[in-house]
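Structure assessment
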Amino acid sequence: MSRDLQGAVPLTLTGFRGQPPIRLQDDPLLRRQAARESNARSYPRRIPLALREARGIYVRDGAGQVYIDCLAGAGTLALGHNHPDVVTALRETLESGLPLHTLDLTTPVKDRFVEDLFASLPAAFAAKARIQFCGPTGADGIEAALKLTRTATGRRVVLGFSGAYHGMTQGALALMGNRAPKEPLGTMGADVQMLPYPYDYRCPFGLGGEAGVDAGLSLIEQILTDPESGVLLPAAVVVEVVQGEGGVIPAPVRWLQGLRRLTREHGVALIVDEVQTGLGRTGRLYAFEHAGIEPDVVVLSKAIGGGLPLSVVVYNQDLDRWAPGAHAGTFRGNQLAMAAGVETLRRIRADRLDEQAAILGRRLMDHLNGLRVDHACLGDVRGLGLMVGVEVVDERRPQLRLGARPADGDLARQIQRCCLERGLILEVGGRHGAVMRFLPPLIVTAEEVDEIAARFRAGLKAALADRPGIALAAE
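Keep in mind the model is a prediction, meaning the values are calculated, not measured.

1. A look at the sheet that holds strand E5 (residues 158-161)
One open sheet accounts for seven strands, arranged E4-E12-E11-E10-E7-E5-E6; its pairing is mixed. Since the sheet does not close on itself, it has two edges, and those belong to strand E4 (129-133) and strand E6 (192-195), each with one partner. Averaged over all adjacent pairs, the angle separating strand axes in this sheet is 20°, with direction ignored. In this structure, E5 lies alongside strand E7 (residues 236-239), joined through two bridges in parallel fashion. Directly across from Leu-159, in E7, lies its bridge partner Val-237. On top of the sheet, helix H6 (residues 108-120) reaches E4, strand E11 (297-300) and strand E12 (312-316); it is set at about 135° to E4, its chief contact. The strands that helix H8 (residues 138-153) touches are E5, E7, strand E10 (269-273), E11 and E12; relative to E11, the one it contacts most, it runs at about 160°.

2. A look at the sheet that holds strand E16 (residues 427-429)
The sheet built from four strands is open, its strands ordered E13-E14-E17-E16 with antiparallel pairing. Sheet topology places strand E13 (378-384) and E16 at the edges, where each strand pairs with a single neighbour. Sheet twist, expressed as the average angle between the axes of neighbouring strands with direction ignored, equals 25°. The pairing of strand E14 (residues 387-392) with strand E17 (residues 435-438) spans four bridges and is classified as antiparallel. Paired with Gly-389 across the two strands is Arg-437, which belongs to E17. Contacting E13, E14 and E17, helix H13 (residues 353-374) runs over the sheet at an angle of about 175° to E13.

3. Points about the nonpolar core
If you look at the biggest cluster of nonpolar residues, it comprises 110 residues, and the most contacted ones within it are Phe-113, Trp-255, Met-436, Phe-438 and Phe-456. Element by element, the count of residues in this core is highest for helix H12 (residues 335-350), at eight residues. Look past the residues within four positions of Phe-438 in its chain and what remains in contact with it is Cys-70, Leu-364, Leu-368, Leu-386, Met-387, Val-388, Val-390, Leu-426, Ile-452 and Phe-456. Among the nonpolar cores identified, the runner-up in size contains 27 residues, and Leu-148, Ala-152, Val-297 and Tyr-315 belong to it.

4. Considerations on the confidence of the model for the protein chain
The pLDDT averaged across the protein chain works out to 94; a share of 97% of its residues lies at or above 70. Taken together, the stretch residues 1-5 has pLDDT below 50 and engages in 15 contacts with residues farther than four places along the chain or on a different chain. Within the model, pLDDT remains below 50 along residues 471-475, and this stretch shows three contacts once partners closer than five positions in the same chain are excluded.

5. What to know about the pattern of salt bridges
Tallied over the full model, the rule gives 34 salt bridges. Residue Arg-17 is joined to Glu-447 by a salt bridge in which the shortest nitrogen-to-oxygen separation is 3.0 Å. In this pair, Arg-17 is assigned in helix H1 (residues 13-18) and Glu-447 in helix H15 (residues 446-465), connecting sequence segments 430 residues apart. The exposure class of Arg-17 is partly exposed, given its relative accessible area of 39%. A salt bridge links Glu-391 to Arg-202; the nearest nitrogen and oxygen atoms lie 2.6 Å apart. Taken together, the positions of Glu-391 in strand E14 and Arg-202 in the loop between E6 and helix H10 (209-225) put the pair 189 residues apart, joining distant regions of the chain. Arg-202 shares its class with Glu-391; the two are buried. Connected via shared salt-bridge partners are Asp-394, Glu-395, Arg-396, Arg-397, Asp-408 and Arg-467.

Rules and cut-offs
- Residues numbered from 1 in each chain as written.
- Predicted model: local features only at pLDDT ≥ 70, side-chain atom pairs only at ≥ 80, totals over all residues.
- Heavy atoms only, no water.
- Pairing = 2+ DSSP bridges.
- Helix = DSSP H or I, 4+ residues; strand = E, 2+ residues; numbered from the N terminus.
- Axes fitted to C-alpha atoms, helices over the stretch in contact; angles between N-to-C directions.
- Contact = heavy atoms within 4.5 Å.
- Core = buried A, V, L, I, M, F, W, Y, C linked by side-chain atoms within 4.5 Å.
- Buried < 20%, exposed > 50% of the residue type's maximum accessible area, 1.4 Å probe, protein only.
- pLDDT = per-residue confidence, 0-100.
- Salt bridge = Lys/Arg side-chain N within 4 Å of Asp/Glu carboxyl O.

Here it is, written out as structure tokens:
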């Protein structure tokens, strides 16, 4: 039975605002989780909640306390928790007698999903596209994209970028920027060449702006054209239009256009990882549309399953040279996820939630930039649509090149905790875990965006009040 029916705080903005102050407290579920689950568990360490109920952008813990969820399954829940249209689609699918497990045999639900997904893609890309259903994670989609492009080109080398996150399986992990998960495993990714990503706040070339974009493109061109570059001609380049786990870093449009031009000129497949950005998150249905480019391969997961596990690769038919069974997976036929995905895509397009994400993302960034004026510890505010990041820095330490300050992961985690104590669930990411990440469901309203900003402001103020002193070295 819903706790709302027992007099609990409603899962609404009014209920959220009217509840008593949040008190983070022990829960037997958390104790059992810590005792039973592996040491690799991550989110519960920073967000120690046992969740009992959810609706829209709100979740309720075991004590009946309500939180605003700005993590939303790491961007998976485009329509928020338990959207009524998605729940209805799932219920109708269950009651229809449709087989829920079909491997890659087709069904009416699968056919509808494919048709609707292709209709959402840019027409020129969709007209010559093929789709491969993968295992139910974005990482498996990346693995499939690597197999596809290596098979089609006969080459093995792949170019990736610093700060990248593409998943935790072997091939995807080789493309990861973060060294920590890779170090215990020893040598890996001999066929992967990592390149600098255009991170303007901390430009890897120490240039910034247009000069940094030019330097990045020049390096890629040199690698592809110089017979002494030491790098074999790659099968593919894998890129995120906005790096998510890497710290919410949008790639400049001109850099993306230059990357597309160079890869096309040299017969290198361009793989765009849209696992976190796809279906409206950045203010367009697909993030690559901001640059007006056409990738060779697009990897999709998260939002396309409406909250359930689903992953696909959509690619140019000219690459379709692999043999039957070259990529498979028992759970690539998740019928419930396809039904939920159809309804999610329909709702996003009908309500123009991509356009709404662009508007509300700017509103959120305006709030955060306003805070940045008075808080030097907020070094940079950036993002696209409802994919927003705030880089937390130690403003008490000397400036680095281009005026940036050292990242302050400790303060970011303290802000995260103080926000949680005020009912706002945020995640941290980026270098040194110093970027506060905002990924609310696309159904968030303007009033809720204002509330999110207000709770963040309160959490920031509390974290700074508890901030320990620091002994600065003499300059």
